[in-house]
Amino acid sequence: MKYLFSGVGALIALATFVALNVLSNALLGNFRLDLTEHQLFTLSDGSRTIAANLDEPIHLYYYYSKDAAEEIPPVVAYHERVLSVLESYVRHSGGMLILEERNPESYSEAEEQAAGHGITGIPVGAEALYFGLAASNSVDDTEVIAFFGDLSGGGLGFDKRERFLEYDISRLIYSLAHPNKPRVAFLSALALNGTPGNPQMRQPGTPPWRIIEEIRRFFDVDVLPTSIERIPEDIDALVLVQPRQFSEALLYGIDQYVMGGGKLIAFVDPHCNLDESANDPSNPMGNMGASKESELNQLFSAWGFESVAHTFIADEENCLSSSVQQGQPPINIVPYLELKDERLNSEDPITSQLDTLWMIIAGSFKPTEDASTSFEPLVTTGLRAMSMDNTRVQVPGQPDFLGMLQGYVPGAEEFVLGVRISGETSSAYPDGNPNGDAGDETEPAHLSKSDGPINVIAMADADMLYENFWIRERKMGQFSLGYTLVSSNCDFLTNALSNLTGGDELISIRARGKFSRPFDRVKEIRDQADKQYLDEEQELTRLLEQAEREINSLLSQQEPEAGEAGQFLISPEIQERIEQFRENKRDVGRRLRAVKHDRNKDIDALGFKLKVANIVGIPSLVILLGILLGIARRSGRKG
Amino acid sequence: MKHTLTIMKRELRGYFATPVAYVFIVIFLMLSGFMTFSEGFGGLFERNQADGGSFFSWHPWLYLFLIPALSMRLWAEERRSGTIELLMTLPITMAQAIMGKFLAAWLFTGICLAGTLPTWITLEYLGDPDNMAIGAGYIGSFLMAGGFLAIGSAVSSITKNQVVAFVMGMVPCFAFILIGFTGVGDWLGDFLPESVVSTITSFSFLDHFNSMQKGLIGLRDIVFFGSLILFFLFLNALILDAKKAR
C-alpha cells in the first residue's frame, strides 16, 4: 500500500487514466445509445449499407459559415445534426468517405471553392451564410446540396427538408458511387417517341413527348416496342404508360421481370385522352365509342392490388376549374384532379417534396384480400370524392363536365390514386410461361415467386405525363418566353425513378423524425391572434367599402354647382361624410395595430410569467420548505 | 460498503442540519433559472425550441463555481479543525471515508438537479420536448457533476483553508472545460500535431457532455467520467495519506 501511495503511484494512476481514455476513444466510439425520440443521430440500415458498400473514395466538402451561423440558433442546431449524420457516414464507410469542413469566410480560399462548387452564401446581416455540401468521386463527378434548407417559403425552410436529410445525403453518395446514368425503359401503347405521320392519309406526325426528353437529363432512356417478349436484363427500371393491348407474352415478360426484382412504375388509366392507338384510320366513326382504358389487373392482382375497373374518380374539393363553353365563367371540372398538401404522402421521399399533381380522369387502386405485399398510398383524394362510370367520358367530343358537377354526390371515403407496393409475392403465372417453353436455353428459368421483395409504383392516370399537364410555354407571338411548370408531374416521375434506381438501400430510407420542436403554446397564441386579426380585418374592410360606396353614391347624386372659375363644389354634408370616412380609416388602422400589439403582449406576458416562476418561484418554495422543516425540527425538540 | 453508506448518510444529514444546504440549493436554482431563461444567456423562451439546449449548456459553468464551493468543505475543514484524526480512529478505512463523503456531496448535487425539474415541466408545458433526450442530459449532467466533485474533493485535501480550496479547485475544473473550446483547440494546433490536439480535446468535459445532452449516451463518455472520478478520488486518498504521515 505504501508503494501505491507515493509520487510513483500517482504517476501510474495518471498514465492509466490517460491510456484508458485514449483507448476508449479509439475503440468505443461507435458504442452509444441514441436516446432521442426518433433516433436522430443514428443512420438507418439503408444508409449504413450504402456507406459500407463504397469501394472507391468519395470526398465530402461541407461548407458552413460558423461565425455567420452563430447569430441564428436554428442554424447551429441543424448544423450539428447535419455534421453528426456526415460523421456517422464517415464512420461506417471504412475510410472511403473523406469529410472536409470548410468555413467560407470573406476572401478566403474556402469562399472561392464554394463558388466553384456552385454554392452561394445567403446574406445574413453583414455576412454571408454558407450551409451546403459538395461531393466528388474519383472520376470527378460532383453532386451538390447548395443549401440544407428550402428558401422558397421565405424562411430558412429547415423544417421542410430536415426529415429527408439522411435520404438526400444517401442519394448524393449513392449517385456518386454509381456514376453511370441508370437505364430506364418505357413501354407504351402511346407514341412516346412521336409518330412520323402519314402524308398520304393527310395525318400529321406527332412530336415526341416532352417528358422523355426531361428524363433523359438524368437517365438513359429507351422506348421499347411493344412487340418484345422479354424485358432486357440490364435496365434499372421499367415504366409502363397506358399498357393497353399488350400481348400475353409481353405481360409474362413483365411479370417475370418484376419477380426477378426489377423495379416497375405503371401508369394505367380508366380513360386516356391521348390514346389514339385503338383508332382505326379507316373507321373514324367507330372510334368514337372505343375504350381508351388500360389496366393490368391480370398482373396486379397476383401482386396484391388492383385498379378498380371502368370507373374514374371525381373530387369536387380537389379539382381544376375551367370554362367549358366559350364566354361562360369557369366551373369545377370534377374529374380533372389537382392534388396537393395532405393529398400527397409526406412520409415518402417521392411525394414529400412535390407541390401539386394533376391527374386527368384517373382511376383508383385497392389492395386485394390476403395480399402479401404492403399497400402504401402515395396520392389520395379528399374524403368527399366519388367514383363515376367510364361511359360518361367515352363520348364523342367533350364529356359533360357540367352534368358531372351538377349531379355530384359527395362520397365518404378517400380513393387511392397512386400507390407503392412492396414485399414478397407470387407470379401472375404460377404455371409457367403461358406460351409454353420455347425450349430456348437462353431463356431464364421461370420464377413463380418473387426473388426478394418487389418494388412497384402504380399511378391511375397516364395523361398526367403529357406536356400539357405539367409545363406551359409562354409565347409572345412567335417568340418563346420560356417555360413554366404548372404541376409537379414531371418531378414525380423523376423522383420515382431516382428512388427506384437508387438500389434497395435507398428505397428503404424513409422520412426521419423532426429535429425542430417549436413551442406549440406560443404558436397557439399566435394563430389565435392571427385569426382574430384576419376576422377584424375582413370586418373593417367591409365597413370601409360600404362607407366608400355611400360616399360615391352621394357624390354622383349631387348636382354640380357652378362655383368660381367653374370649380366643382362639394356640399358640406358630403364633406363631413368624407371626413368621417377618413376618421374611420384611421380608426381601422389603429384597431388592427392594437390586435397585433396584443398578440405580442400576450406572448411576452407568458414568457415573463414563466421566467418569474422558474427563477424566483421555485427557489422561494425551497426557502419555504426549509423554514417549515426548521420550525418542525425546533418544535420537535421542544416537545 | 455498509460503512461507506453510513458515512454518506451522516454527511448528508449534516448538510441539512444548518441552513447552509438550503441557501446553496436556492442559489443553485436561482442561478440555473437565471442562466436558462434570461435573454442574454439561455433565452429559453425566446429560442422557441422545446429542447434542453438553453438549460444544459450552462451546467459546466454552474458547476465550475458552485461545486468547488460544495467540495471545499469536504476535507479542508476536517483537517483544519482536527476532526480528521477523530475520523481516522473510527473502524473505517480511508477509502470508505473518502467514498462516503464524496457520495454524500454527489447525492446532494443530485438533489439540486432534481430541483430544476420545473424547467423540464416548463418545456413540457410550452411544447413537445424529446423527453428521453432530456433525461439523457440529466444523466450526463449528474456524471459531469461527479467529475467536478472528485476534482474538488482532491483539491480540498491539500489545504486546510476552505477559501484556498475553493479557488484552487476551480483551476483544474476550468482547465477541463477550456480544452473543449474550438478556439483553444485551434491555438494548440499551431504548435502541436493534430493527433495530440484531438486527444487533448477528447479529455474535455464539454466534449462528453455535449453529446450526452443531445441524447447520445456513449460508452466512452461513461468510461471518461467514471475513470476521472476514480482517478481523483485515488489522488485524494494519496494526498490525505501523505499529509497524515506528517
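Residues numbered from 1 in each chain as written. Chains lettered and ligands numbered in written order. Predicted model: local features only at pLDDT ≥ 70, side-chain atom pairs only at ≥ 80, totals over all residues. Heavy atoms only, no water.

A. Highlighting the side chain of Gln-213 of chain B. Residues and elements named next belong to chain B. You can see Gln-213 is positioned in helix α13 (residues 205-214). Relative accessible area serves as the criterion here: at 15%, Gln-213 is assigned to the buried category. Within polar-contact distance, the side chain of Gln-213 engages the side chain of Asn-210 at 3.4 Å. (Helix = DSSP H or I, 4+ residues; strand = E, 2+ residues; numbered from the N terminus. Buried < 20%, exposed > 50% of the residue type's maximum accessible area, 1.4 Å probe, protein only. Polar contact = N/O pair within 3.5 Å; in protein donor to acceptor, adjacent residues only side chain to side chain.)

B. Broad picture of the layout of surface pockets. Residues and elements named next belong to chain A. Approximately 1500 Å³ is the volume found for the second largest pocket. Taken together, 46 residues form the lining of the second largest pocket, with Glu-143, Arg-171, Phe-218, Thr-494 and Ser-498 sitting closest to its centre. Contributions of two or more residues to the lining of the second largest pocket are made by β7 (142-145), α7 (165-177), α12 (489-500) and α13 (503-508). By residue number, the principal contributor to the lining of the second largest pocket is α7, which donates 9 residues. Within the lining of the second largest pocket, the residues separate by chemical class into 24 nonpolar, 11 polar and 11 charged. (1 Å grid on protein atoms, 1.4 Å probe; cavity = no way out; pocket = protein on both sides within 12 Å on 5 of 7 lines; lining within 4 Å. Points joined across faces, edges and corners; volume = space filled by probe spheres on them. Nonpolar A, V, L, I, M, F, W, Y, C, P; charged D, E, K, R; others polar.)

C. Representation of the nonpolar core within the structure. If you look at the biggest cluster of nonpolar residues, it comprises 86 residues, and the most contacted ones within it are Tyr-15, Phe-108, Phe-205 and Phe-232 of chain B. Counting residues per element, this core draws most heavily on helix α9 (residues 131-156) of chain B, at 12 residues. Setting aside residues up to four positions removed in sequence, Phe-205 of chain B forms contacts with Met-144, Gly-147, Phe-148, Ile-151, Phe-176, Ile-177, Phe-224, Phe-225 and Leu-228 of chain B. Counting 78 residues, the second-largest nonpolar core is a separate cluster that includes Leu-251, Ala-266, Leu-299 and Ala-428 of chain A. (Core = buried A, V, L, I, M, F, W, Y, C linked by side-chain atoms within 4.5 Å. Contact = heavy atoms within 4.5 Å.)

D. Quick look at the interface of chain A and chain B. At the junction of the two partners, chain A supplies 49 residues and chain B supplies 54 residues. In this assembly, chain A and chain B are joined by 1 salt bridge. A salt bridge links Lys-611 of chain A to Glu-46 of chain B; the nearest nitrogen and oxygen atoms lie 3.0 Å apart. Of all the secondary-structure elements, those providing two or more residues to the side of chain A that touches chain B are α1 (7-27), β1 (32-34), α4 (73-92), α14 (520-557) and α15 (572-638) of chain A. Among the elements that line the side of chain A that touches chain B, the one with the most residues is α15 of chain A, at 14 residues. Taken together, the residues of the side of chain A that touches chain B break down into 28 nonpolar, 11 polar and 10 charged. (Salt bridge = Lys/Arg side-chain N within 4 Å of Asp/Glu carboxyl O.)

E. Region of the structure containing the packing of aromatic side chains. Using the criterion set out here, one finds 46 aromatic pairs over all chains in the structure. One aromatic cluster in this structure is built from Phe-17 of chain A together with Phe-28, Tyr-63, Phe-148, Phe-176, Phe-203, Phe-205, Phe-224, Phe-225, Phe-231 and Phe-232 of chain B. One cation-aromatic arrangement involves Arg-521 of chain A over Tyr-125 of chain B; the distance from NZ or CZ to the ring centre is 3.9 Å. (Phe/Tyr/Trp six-rings, centres within 6.5 Å; stacked < 30°, edge-to-face > 60°. Lys NZ or Arg CZ within 6 Å of the ring centre and 35° of its normal.)

F. Here's a closer look at the sheet that holds strand β6 (residues 131-136) of chain A. All names here are of chain A. One open sheet holds the 4 strands; their spatial order is β3-β2-β6-β7, and the pairing between them is mixed. The open sheet has two edge strands, β3 (97-102) and β7, and neither has a second partner. Across the sheet, the axes of successive neighbouring strands diverge by a mean angle of 15°, strand direction being ignored. Of the pairings in the sheet, the one linking β6 to β7 comprises 4 bridges and is antiparallel in character. Opposite Ser-136, over in β7, you have Thr-142 as the bridge partner. (Pairing = 2+ DSSP bridges. Axes fitted to C-alpha atoms, helices over the stretch in contact; angles between N-to-C directions.)

G. Looking closely at helix α9 (residues 248-259) of chain A. Residues and elements named next belong to chain A. The end-to-end C-alpha distance of α9 is 16 Å, a good match for the 16 Å that 12 residues give at a rise of 1.5 Å each. Burial analysis of α9 places 11 of its 12 residues in the buried class, which makes it a mostly covered element. Inspection of α9 places Ala-249, Leu-250, Leu-251, Tyr-252, Gly-253, Ile-254, Asp-255, Gln-256, Tyr-257, Val-258 and Met-259 among the buried residues, and these make up the whole buried set. Next to the buried residues of α9 lie β8 (183-188), β10 (237-241), β11 (263-267), α10 (297-303) and β21 (454-459). Remark: Gly-261 follows α9 within two positions and exhibits a positive phi of approximately 100°. (Expected span 1.5 Å × (residues − 1).)

H. Quick look at the pairing of β8 of chain A. Residues and elements named next belong to chain A. Burial runs high along β8: 5 of the 6 residues are buried. Where β8 lies against strand β9 (residues 220-223), 4 bridges are found, and the strand directions are parallel. Across the sheet, Ala-185 pairs through a bridge with Asp-222, a residue of β9. Remark: the β8/helix α8 (residues 210-216)/β9 crossover connection has right-handed handedness. Two strands pair when backbone bridges link them, and β8 and β10 are joined in this way by 5 bridges, in the parallel orientation. Paired with Leu-187 across the strands is Leu-240, a residue of β10. (Right-handed = clockwise from strand over helix to strand, strands pointing away.)

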